[in-house]
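Structure at a glance
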Amino acid sequence: MTTPAEIPAGLPAAPEFTEPLSEWHRLHVRMLIVRPLNEGIAMLVPILILLFTGNGEKWRLIASGVTVAAILSFSYLIWRTTKYRITDEQVELHTGLLTRKQLAVPRDRIRTVDLTSKPGHRVFGLSAVRIGTGQQDVPGTDGLTLDAVTSEEAERLRVLLLQKAVAPKSTSSEPDAVPVETPSEVISKLDFKWLKFAPLSLSGLVAIGAVFGVLSNYADDLGLHPVQDLWEWLFEHPSITLLGGFVVALVVLGLVLSVPLYILQFWNYQLTREPDGTLRVQRGLLTTRSVSVEEQRLRGVDIQEPLLVRAGRGAKAVAVTTGLGSKGESNLLLPPAPLSVAHQVSRDVLKVDDDPTTRKLRKHPLAALRRSLFRHVAPWVVIAIGLAVWAPSWAWPIPVAIIPFAALVGWDNYRSLGNALDDRYLVTRNNSLVRSTVALQRTGIIGWRIQRSFFQRRSGLMTIGATTAAGAGVYHVTDVGESDGLALADEAVPDLLRPFLLNE
């Protein structure tokens, strides 16, 4: 990479632009305050532990001061050594003091632009701009991040970076025509009636587990072992009443927390189709997030129905697109909402009259039911036998009581299996706890992965995986009959699998 020219001392911090930023610029100077705010929240607990534990030793006060000074110094060094520019061909970012990093992303490889504003950013009107190239959906491993620029500049960067080409400069002496702004098309927006799905998503229980894990780590640092002590006490004093009361309290607390968590995540949610040919999802209360994806990169839609949300006739919609993986929520199109809304979003996003995920699916053989029941029930039988041999007498009835529910899940897993094919999409449905119905463009399938385990071969079954450059990378048609599976793959993408098939 060519070494950039020396940057003048008066380097601009927040440029106004309508064209590529061919000159080098720094991140906004207000990040000197924003970074300590964001980092300070994470460091607040250990600082408080240093200050308020022990007998007031002087070294604790010194250690706290050193920690705060280190955060401030680190923030200044990042700002002082970071610069970026945008040319017609690429986006460049140079950062680092001792170890210099020079990152460059070709503009024709940009797939997504993610604008994120944490509470510290929002106080000072800043945003972090993450530019993704579609290789991985993990921050720091794909593309680059500009943290932070003003919110106005972040919005202009979003529009600029998702442009397919830079508009040529006019050479005419006549004044340029005033561009007509095309309004965004709103596909879906938050309805407070959707809050009823918050308790069914179990997000409150997940939050409780995360908080408990963090507090346990800090307790271990202080020489306390609450989890180990709790387990030892329960084994010494087994009580069905105590265990039942603990479970009930945990469920109630999870239900109470789920609603505010839903609001924190999806406040002001809106899905729009932008004039520049992108789908844009905006959401968040304290931390706001805006994810823009080129519409031409969309390869399908995944309608996900967690078990309890499905019982309430709800679902969420996820994009199957190059540039966003299947991890996290950056590919989210619709939060937990009524199933009818999820199908409406799928229709509008795919620009079809009939949502392919609603098609009647072909059932899989009964041999798939036997396999599903065995996979879900057998582990609990083994656990029950192990506890009956090596654990206290009160332990083994717990997995025995779970076996009937596991059998129901196994049956529901089989009932969920299915596949369909139309002129444009391959549709496949799997799983029970989180039932997933995927409509994948047939033109987006680049290969087939065929799996036949020992037990599948004995049952005349196989699992066909449609590989694609979008989303999870492979979408499975699980436990389908051998002849039906091969015929499905051959019909979905003609001539791709046919050379490997034997004509009988």
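Heads up: these notes are all about the structure in this document. As the structure is a computational prediction, the values presented were derived from the model and not from experiment.

1. Topic: the overall build of the protein
- Counting secondary structure elements, the protein contains 13 helices and 19 strands.
- When burial is assessed residue by residue, the protein has 43% of its 504 residues classed as buried.
- Put simply, of all contacts in the protein between residues at least 6 apart along the chain, 58% involve residues at least 24 apart.
- Working note: accessible area of the protein is about 27,600 Å², and carbon and sulfur atoms make up 62% of it.

2. Overview of the pattern of salt bridges
- Within the structure shown, the criterion is met by 18 salt bridges.
- Between lysine 351 and glutamate 295 there is a salt bridge, with the nearest N and O atoms lying 3.6 Å from each other. Here lysine 351, found in the loop between α9 (339-350) and α10 (366-390), pairs with glutamate 295, found in the loop between β10 (288-294) and β11 (298-306); they are 56 residues apart in sequence, far enough to count as distant.
- Aspartate 479 is the partner of arginine 371 in a salt bridge, and the nearest nitrogen-oxygen pair spans 3.2 Å. Here aspartate 479 lies in strand β19 (residues 474-481) and arginine 371 lies in helix α10, a separation of 108 residues in the sequence.
- Owing to a relative accessible area of 1%, aspartate 479 belongs among the buried residues under this scheme.
- When salt bridges with common partners are traced through the structure, they connect Glu155, Arg158, Glu274, Asp276 and Arg280 into a single cluster.

3. Some details on the nonpolar core
- Leu271, Leu333, Leu334, Val345 and Val349 are the most contacted members of the largest nonpolar core, which totals 32 residues.
- Here the element with the most residues in this core is α9; it accounts for six residues.
- In terms of nonpolar packing, the next biggest core, distinct from the first, is built from 22 residues, Leu93, Leu115, Ala154 and Leu160 among them.

4. Brief notes about the side chain of serine 290
- Within the secondary structure, serine 290 is located in strand β10.
- Here arginine 280 takes part through its side chain, which lies 2.7 Å from a polar atom of the side chain of serine 290.
- Other than its neighbours up to four places away in sequence, serine 290 contacts Val113, Asp114, Leu115, Arg280, Val281 and Gln282.

Quick notes on the rules
Residues numbered from 1 in each chain as written. Predicted model: local features only at pLDDT ≥ 70, side-chain atom pairs only at ≥ 80, totals over all residues. Heavy atoms only, no water. Helix = DSSP H or I, 4+ residues; strand = E, 2+ residues; numbered from the N terminus. Buried < 20%, exposed > 50% of the residue type's maximum accessible area, 1.4 Å probe, protein only. Contact = heavy atoms within 4.5 Å. Areas by Shrake-Rupley, 256 points an atom, 1.4 Å probe, with all protein chains shown as cover. Salt bridge = Lys/Arg side-chain N within 4 Å of Asp/Glu carboxyl O. Core = buried A, V, L, I, M, F, W, Y, C linked by side-chain atoms within 4.5 Å. Polar contact = N/O pair within 3.5 Å; in protein donor to acceptor, adjacent residues only side chain to side chain.

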